[in-house]
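# Understanding the architecture of this molecule
Each chain is listed here by its residues.
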Amino acid sequence: MLWSKLFIPTLREPPAEAEVVSHKLLLRAGYIRQVASGVYSHLFLSQRALLKISKIVREEMDAIGAQEMLLPALNPAELWQESGRWDVMGDDMFRLKDRWERDLCLAMTHEEVMTSIARGELRSYKQLPQIWYQIQTKFRDEMRPKSGLMRVRQFIMKDSYSFDLAPEGLDISYQKHYDAYCKIFSRCGLSYLAVQAHSGAMGGNESTEFMVASAAGEDFVAVCPECGYAANLEKAVSTAKPAALPDPEGNLVPEEFHTPGYKTIAEISGFTKLPETSQIKSLVMVVDGKPVLVLVRGDHQLSATKFSSVMQAREIRPAQPAEIREWFGAEAGSLGPIGVTNMTVIADSALEGRRNMIAGANKDDYHLRNVTPGRDFQTRFADLRQSEAGDTCRNCGKGILELKKTIEVGHIFKLGYKYSESMGLRVLNAAGEEVTPIMGCYGIGIERILSAAIEEHNDKDGMALPVSIAPFTVVVTPVNIADAAQKQAAQEIYDSCLALGLDALLDDRDERPGVKFKDADLIGIPYRITVGKKLTDGLVELVQRRGKTSSDVPVAEAALAVKKAASA
RNA sequence: CGGGGCGUAGCGCAGCCUGGUAGCGCACCUGCCUUGGGCGCAGGGGGUCGGGCGUUCAAAUCGCCCCGCCCCGACCA
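Being a predicted model, the structure only gives us computed values, none of them experimental.

Another point: the overall build of chain A. Helix and strand counts for chain A come out as 14 helices and 33 strands. In chain A, which comprises 568 residues, the proportion classed as buried is 51%. Of all intrachain contacts in chain A linking residues separated by at least 6 positions in sequence, the fraction that spans at least 24 positions is 69%. On chain A, roughly 25200 Å² of surface is accessible, and the fraction owed to carbon and sulfur atoms is 51%. Chain A carries 67 positive and 75 negative side-chain charges, and their two centres are separated by 2 Å.

Here we come to the nonpolar core. Ranked by internal contacts, the top residues of the largest apolar core, which has 64 residues, are Tyr31, Ile53, Tyr181, Ile184, Phe185, Ile449 and Leu450. Counting contributing residues per domain, this core is built from domain 1 (46-209 + 407-451) and domain 3 (472-567), each supplying no fewer than three. Dropping the residues within four chain positions of it, Leu450 is found in contact with Leu26, Tyr31, Ser46, Ala49, Leu50, Ile53 and Leu149.

What follows is about the confidence of the model for chain A. Of the residues in chain A, 99% have a pLDDT of 70 or more, and the chain-wide mean is 94. For this predicted complex, the interface confidence reaches an ipTM of 0.95, while the overall pTM sits at 0.94.

What follows covers the state of the cysteines. One pass over the structure, following the stated rule, counts zero disulfides. Note on Cys393: no disulfide assigned, nearest cysteine sulfur contributed by Cys227 at a separation of 3.7 Å. Residue classification places Cys393 among the buried positions, given a relative accessible area of 1%.

Our next topic: the domain arrangement of chain A. Taken domain by domain, chain A consists of domain 1 (46-209 + 407-451), domain 2 (255-382) and domain 3 (472-567). Distance between the C-alpha centres of domain 1 and domain 3: 42 Å.

Turning next to the packing of aromatic side chains. Inspection of every chain in the model, using the stated rule, returns ten aromatic pairs. Both rings, one in Phe44 and one in Phe472, keep their centres 6.1 Å apart while their planes meet at 50°; by these two values the pair is tilted. Here Phe44 is found in helix H2 (residues 44-63), whereas its partner Phe472 is found in the loop between strand E28 (462-463) and strand E29 (474-478), with 428 residues between them in sequence. Accessibility expressed as a relative area gives 26% for Phe44, which makes it partly exposed.

Attention now goes to the pattern of salt bridges. Inspection of every chain in the model, using the stated rule, returns 42 salt bridges. A network of salt bridges, in which partner residues are shared, links Asp459, Lys460, Asp461, Lys518, Asp521, Arg528, Arg545 and Lys548.

Let us now look at empty space enclosed by the protein. Within the structure shown, the criterion is met by two cavities of 30 Å³ or more. Around the largest cavity sit Val475, Ala520, Asp521, Ile525, Arg528, Val543, Gln544, Arg545 and Lys548, which together line it. Of all the secondary structure elements, the ones that give two or more residues to the lining of the largest cavity are helix H13 (513-523) and strand E32 (539-544). By volume, the second largest cavity is sized at about 40 Å³. Taken together, Met150, Ala216, Gly217, Glu218, Asp219, Thr406, Ile407, Glu408 and Arg448 make up the lining of the second largest cavity. It is strand E23 (residues 402-416) that provides the largest number of residues to the lining of the second largest cavity, a total of three residues. When grouped by side-chain class, the residues that make up the lining of the second largest cavity number three nonpolar, two polar and four charged.

Rules behind the numbers
- Residues numbered from 1 in each chain as written.
- Chains lettered and ligands numbered in written order.
- Predicted model: local features only at pLDDT ≥ 70, side-chain atom pairs only at ≥ 80, totals over all residues.
- Heavy atoms only, no water.
- Helix = DSSP H or I, 4+ residues; strand = E, 2+ residues; numbered from the N terminus.
- Buried < 20%, exposed > 50% of the residue type's maximum accessible area, 1.4 Å probe, protein only.
- Contact = heavy atoms within 4.5 Å.
- Areas by Shrake-Rupley, 256 points an atom, 1.4 Å probe, with all protein chains shown as cover.
- Lys, Arg positive; Asp, Glu negative; His and termini not counted.
- Charge placed at Lys NZ, Arg CZ, Asp CG, Glu CD.
- Core = buried A, V, L, I, M, F, W, Y, C linked by side-chain atoms within 4.5 Å.
- Domains from an automatic or database assignment.
- pLDDT = per-residue confidence, 0-100.
- Disulfide = S-S within 2.5 Å.
- Phe/Tyr/Trp six-rings, centres within 6.5 Å; stacked < 30°, edge-to-face > 60°.
- Salt bridge = Lys/Arg side-chain N within 4 Å of Asp/Glu carboxyl O.
- 1 Å grid on protein atoms, 1.4 Å probe; cavity = no way out; pocket = protein on both sides within 12 Å on 5 of 7 lines; lining within 4 Å.
- Points joined across faces, edges and corners; volume = space filled by probe spheres on them.
- Nonpolar A, V, L, I, M, F, W, Y, C, P; charged D, E, K, R; others polar.

Printed below as a string of structure tokens:
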């Protein structure tokens, strides 16, 4: 294509609203324009990149026998009421009414529609397994859209769904997706990490997230450098660093002491001259309307995700100050487990076996020393704490966990029977009995692949996209378009590139070379053939965008040289 | 939803405090010049100053209300 005819509105300066690199570059390079918060138009270049990503996704999905469909984004409320998610999704789901006042929504995902198709049509175990997928627009009313294409309210997702007769079949469908996802992200040039993850509102019991390390990410992943264990921080298990000071020996009796004005863990630590690990942190949560006292070691953080799943809660929230006052008769800074009988008490495993610790006295400005779990109060223990960098890996027992900030580009789930059960999907097995198929679901964020690739591959001049997803593979740039020889050579090389099947662009604009070079670098074309002075010696330059390495090649061989380099 | 910031030409910004002709750089158009990293010279077009109400002889500027966007938090496949 001829650059002079294309709409590639590059900007010298990034718009002020852009914060992260990929967002700045997508705007500057003329890939996208914002329409509203979390809503973007994909212009020519972006659409080309997204189509390339989608093509890779299609090829790998088709390769595992998945069948592409296209489902509606507009869904009737009834489907979502059947699965129970009309209520569960809350404000995250866009809802609307038609002219007859019937409730509709814009689908955030498609378990409901897929399952309804399956239950309407699948009758026999002989029709299983099935893997169905689509590449389609999803809508989510994010509380806070951010970071360009990273977290948006309308986006393109590849979502697939598997239906199997039995768990062993699901294992196979899941593994097929796992392998396909690895190929997809590799082909897109991403350095990804497959990590254990929490299933959240999707349901199910096992899931793997595919993450790309990036400062612009929103998720933390715990990684063990020794054994390769990797899990989303929400899910990660680990052995806490030992207490900084051994507990006092002996069967000591709880003893109240005055702590005037000292409320936080850090303040009490400073006041008592004892490390934070000697304290029991008391948090009051409200689980489905009922108060629960949660205990963790002073220096630890409660994992809301772990807590929520241990409690099998639908909804959790921290208690309000007024509620705390009513239930404990004290402020949040002086709470503790002793004497609490009006609510469930649950403690993190790191407190198991500890003794003679410090906790609040449930009396303003007083704490207790010599508090021993199990003796001074009864509680059950569970893994409730958020892992942190420096913890010991529980998988291998040796490695020290590191934390990485990441972008989630894919997520696969073993759903189990949640949707097939609630929506009545049944088939007959070989014995003629009605059985409920087991399901899996698998998602990839198409725009997130583009964002992550830009985050991973950029420099001060712009994007340095991999050949596989760049909107063009090569740009042919005559330095001086007014020079007839250069112009003609450039045209010939461009034609040769096209003949070789390369996605080629001819920068035929009457611009100064600096402008053309800057633009080519900015939009991230992997190869550039510069036709300039050396043409008199029959040579042109082949410049690689990454690293800006360049080599002289004869005019006649230029296209082939790109072809070779690009497919290497 | 809580906290913070911003809204003036396509982009980046100044002007606002202290009310009085709406400015700068880039981009854009015309001409000349130039052609290996956003070139130079000359001329030119483009703005309901986010919106409404109010104060005032006079509002981008002061007051009130509303809207939008960004960041932090809560939240989240």
